[in-house]
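# Structural features, examined
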Amino acid sequence: KTEVHCNSVISQVANTVSSRLSVKTDITPVTYDRALAAIEGTEMYDYRYTDDETGQHYVSGIIDDINPTPQYHMDGMLINKQRTARIDANLTGYHHVIIQKLLERVTTLETNNQELLNRVATLEKSDNK
């Protein structure tokens, strides 16, 4: 296994994480409650890197590798086992599950709202007679 450490990387190849079923095990669905807990348990911060003289700002969770009691909170499923890097693919997956649920809720609200509008229209017609 080769490890590369650097501050700036320009790559012309895609992430090597595989989405193929053939290389996966212990597959379980991610529940909305689990996804929501991960998102709620992760604080987002705006920051700059100490060695970046450009002043570029970034936004993400922060792995607190300094304080004995973490001052910055990130759900454990978003941090690699060595606690040296974020797993942004997991964050994206949790966002996806939450968006699916929110879309379901919007559809339900729209349906309920239309039913209420229809009832109001029916009542207004009967009052005008």
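Read on for an overview of the structure. (Residues numbered from 1 in each chain as written. Predicted model: local features only at pLDDT ≥ 70, side-chain atom pairs only at ≥ 80, totals over all residues. Heavy atoms only, no water.)

### Some details on unusual backbone geometry
One non-glycine residue, Asp 26, adopts positive backbone phi at about 55°. Within the secondary structure, Asp 26 sits in the segment before α1 (32-40). In this structure Asp 26 comes out as exposed when scored by relative accessible area, which is 71%. (Helix = DSSP H or I, 4+ residues; strand = E, 2+ residues; numbered from the N terminus. Buried < 20%, exposed > 50% of the residue type's maximum accessible area, 1.4 Å probe, protein only.)

### A closer look at helix α2 (residues 88-127)
Helix length check: α2, at 40 residues, gives a terminal C-alpha distance of 57 Å against a target of 58 Å (1.5 Å per residue), a fit within 8%. The complete set of buried residues in α2 reads Leu 91, Tyr 94, Val 97 and Ile 98. (Expected span 1.5 Å × (residues − 1).)

### Overview of the environment of Arg 34
Of note, Arg 34 is situated in helix α1. Taking the C-alpha atoms as reference, Arg 34 lies 9.6 Å from Ile 98; in sequence the two are 64 residues apart. Setting aside residues no more than four positions away along its own chain, Arg 34 makes contact with Asp 75, Met 77 and Tyr 94. A distance of 2.8 Å separates a polar atom in the side chain of Arg 34 from a polar atom in the side chain of Asp 75. (Contact = heavy atoms within 4.5 Å. Polar contact = N/O pair within 3.5 Å; in protein donor to acceptor, adjacent residues only side chain to side chain.)

### Considerations on the nonpolar core
Within the largest apolar cluster, 11 residues are counted, these being Tyr 32, Ala 35, Ala 38, Ile 63, Met 74, Leu 78, Ile 79, Leu 91, Tyr 94, Val 97 and Ile 98. Considering each element in turn, this core owes the most residues, four residues, to α2. When sequence neighbours within four positions are dropped, the list of residues in contact with Ala 38 reads Asp 75, Leu 78 and Tyr 94. (Core = buried A, V, L, I, M, F, W, Y, C linked by side-chain atoms within 4.5 Å.)

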